[in-house]
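Here is how the chains run, residue by residue.
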Amino acid sequence: MHTMTTMQRLIQISDTHLGRDPGPIRAGYPDSDTQLARILDALPREPAADVLLLSGDLAEDPEPATYARLTKRLRARHESMLALAGNHDDSQTLRAALEPGTCQVHGERMLGPWKLVGLDSSTPGEAAGRLDAAECERLERSLSADPDRPTIVALHHPPVAIGSAWMDRLGLLDPDALFTVLDRHPQVRACLFGHIHQDFRVRRGTVEFLGCPSTCVQFSPGSEEFAVDAALDAGYRVLDLYPDGRFKTQVVRVPGTHTAAGHLA
Ligand SMILES: [Fe+2]
């Protein structure tokens, strides 16, 4: 167990896209359930994560049966967890399935001297995301209440352009609503997101904006149109958070989890 004076480890997995039934959700995709199992099995144990962040699009179709399979898999884990809804999820169904005993959905979590705030950017019926006024106010209150805690903000949709035309139309709409809040609170160190199925990193002011691979299928960086990178392995992001407010982060790929490998299996 880590204390206030030692490192805290956050591990992010994202875009698991479990279908209503096990198996690939599209032709050319690997099996989402098998992929998730392989990524979870590959997560480091020394040190293990103090919190596992699941940053949305956990289901391809937000049916109770899908979330029940996810719940079953997560119940076997020892990490504490925080989940976010993505555009493919339904916030209420996700919460009803995961919150009883398995995993917190949205809200906030202390990590030693650090704080993690999970926001809901999902908008029913829309692929793009939006933070409504209530979520922006919740973030503002949370940051105002703890100005001395280094903080990580997490949401499913990227608030920054990633240089991929089709994806940049589907990111967080009205990111200025978020930036306005972040700009008032210099304790925010990083903003984590999913949705883009790729590693990405850009700094805006004092905040690092960090993307994450999918556990399922990888999208080609820099592509004008939707494109899968079948040769790139799936993975996760690790953040090691130090008591002085600094952090280190890297994306780790799990060998043999690229789409082509899944097809041959
Ligand atoms: Fe998404």
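Residues numbered from 1 in each chain as written. Predicted model: local features only at pLDDT ≥ 70, side-chain atom pairs only at ≥ 80, totals over all residues. Heavy atoms only, no water.

Enquirer: Could you give an account of the coordination of the iron ion, with specific residues and numbers?
Expert: Taken together, the protein donors to the iron ion comprise Asp57 (OD), Asn87 (OD1), His156 (NE2) and His195 (ND1), at separations of 2.0 to 2.3 Å. Metal-centred angles of 82 to 173° between the four donor atoms at the iron ion mark the site as irregular. Mapping the donors of the iron ion onto the primary sequence gives the spacing D-x29-N-x68-H-x38-H. One end of the pair, Asp57, is in the loop between β2 (51-54) and α2 (64-75); the other, His195, is in the loop between β8 (188-192) and β9 (201-204), with 138 residues separating them in the sequence. Using a relative accessible area of 2% as the deciding quantity, one classes Asp57 as buried. The exposure class of His195 is buried, given its relative accessible area of 6%. (Donors = N, O, S within 2.8 Å, 3.2 Å for Na, K, Ca; no water. Tetrahedral: all angles 85-135°; square planar, octahedral: opposite > 155°, others 65-115°. Helix = DSSP H or I, 4+ residues; strand = E, 2+ residues; numbered from the N terminus. Buried < 20%, exposed > 50% of the residue type's maximum accessible area, 1.4 Å probe, protein only.)

Enquirer: So what about unusual backbone geometry? Which residues, and what values?
Expert: Across the junction of Glu46 and Pro47, the peptide omega takes the value -10°, indicating a cis bond. Look at Asp57: it is not a glycine, yet its phi comes out positive at around 50°. Even without glycine at this site, Asp174 takes up a positive phi of about 55°.

Enquirer: Summarise the sheet that holds β9; cite the residues concerned and give the values.
Expert: Pairing is mixed in the open sheet, where six strands are placed in the order β5-β6-β7-β8-β10-β9. The sheet is open, and its two borders are formed by β5 (107-111) and β9, each paired with just one other strand. When strand polarity is set aside, the average angle formed by the axes of neighbouring strands in this sheet is 20°. Pairing of β9 with strand β10 (residues 207-210) involves four bridges; the strand directions are antiparallel. Directly across from Arg201, in β10, lies its bridge partner Leu210. (Pairing = 2+ DSSP bridges. Axes fitted to C-alpha atoms, helices over the stretch in contact; angles between N-to-C directions.)

Enquirer: Summarise the state of the cysteines; cite the residues concerned and give the values.
Expert: Inspection of every chain in the model, using the stated rule, returns zero disulfides. Take Cys216: it sits in no disulfide, and the sulfur closest to it among the cysteines is that of Cys212, at 13 Å. Using a relative accessible area of 1% as the deciding quantity, one classes Cys216 as buried. (Disulfide = S-S within 2.5 Å.)

Enquirer: How would you summarise the pattern of salt bridges if you had to cite specific residues and measurements?
Expert: Taken as a whole and judged by the stated rule, the model has 15 salt bridges. The salt bridge partner of Glu135 is Arg138, with a shortest N-O separation of 2.8 Å. Here Arg138 and Glu135 lie together in helix α4 (residues 133-145), a separation of three residues that amounts to about one turn. Residue Glu135 is classed as buried on the basis of its relative accessible area of 12%. (Salt bridge = Lys/Arg side-chain N within 4 Å of Asp/Glu carboxyl O.)

Enquirer: Got a sec to walk through the packing of α4 against helix α6 (residues 175-183)? Specific residues and values, please.
Expert: Describing two packed helices takes the angle between their axes plus the distance from one axis to the other. Look at α4 against α6: their axes get within 10 Å of each other, and the N-to-C directions meet at 10°. What the angle tells us is that α4 and α6 run roughly parallel. On the side of α4, the interface is formed by Cys136, Leu139, Glu140 and Leu143, while α6 contributes Ala177, Leu178, Val181 and Leu182. Looking at the contact of α4 with α6 residue by residue, the classes come out as seven nonpolar, no polar and one charged. (Parallel < 35°, antiparallel > 145°, perpendicular 65-115°, else oblique. Contact = heavy atoms within 4.5 Å. Nonpolar A, V, L, I, M, F, W, Y, C, P; charged D, E, K, R; others polar.)

Enquirer: So what's going on with the nonpolar core? Which residues, and what values?
Expert: Of all hydrophobic cores here, the largest spans 28 residues; its most connected members are Leu119, Leu139, Leu155, Leu178, Leu182 and Phe209. Looking at this core, the elements that each hand over two or more residues are α4, α5 (165-168), α6, β8 and β10. With four residues, the top contributor of residues to this core is α6. The contacts of Leu139, once residues within four sequence positions are left out, are Val117, Leu119, Val153, Leu178, Val181 and Leu182. By size, the runner-up hydrophobic cluster in this structure holds 26 residues, among which are Ile39, Leu52, Ala234 and Val238. (Core = buried A, V, L, I, M, F, W, Y, C linked by side-chain atoms within 4.5 Å.)

Enquirer: So, the environment of Gly125: which residues are in play, and what are the values?
Expert: Tracing the backbone shows Gly125 in the loop between β6 (114-118) and α4. The exposure class assigned to Gly125 is exposed, which follows from its relative accessible area of 87%. In this structure, the C-alpha to C-alpha distance between Gly125 and Ser32, residues 93 residues apart in sequence, is 22 Å.

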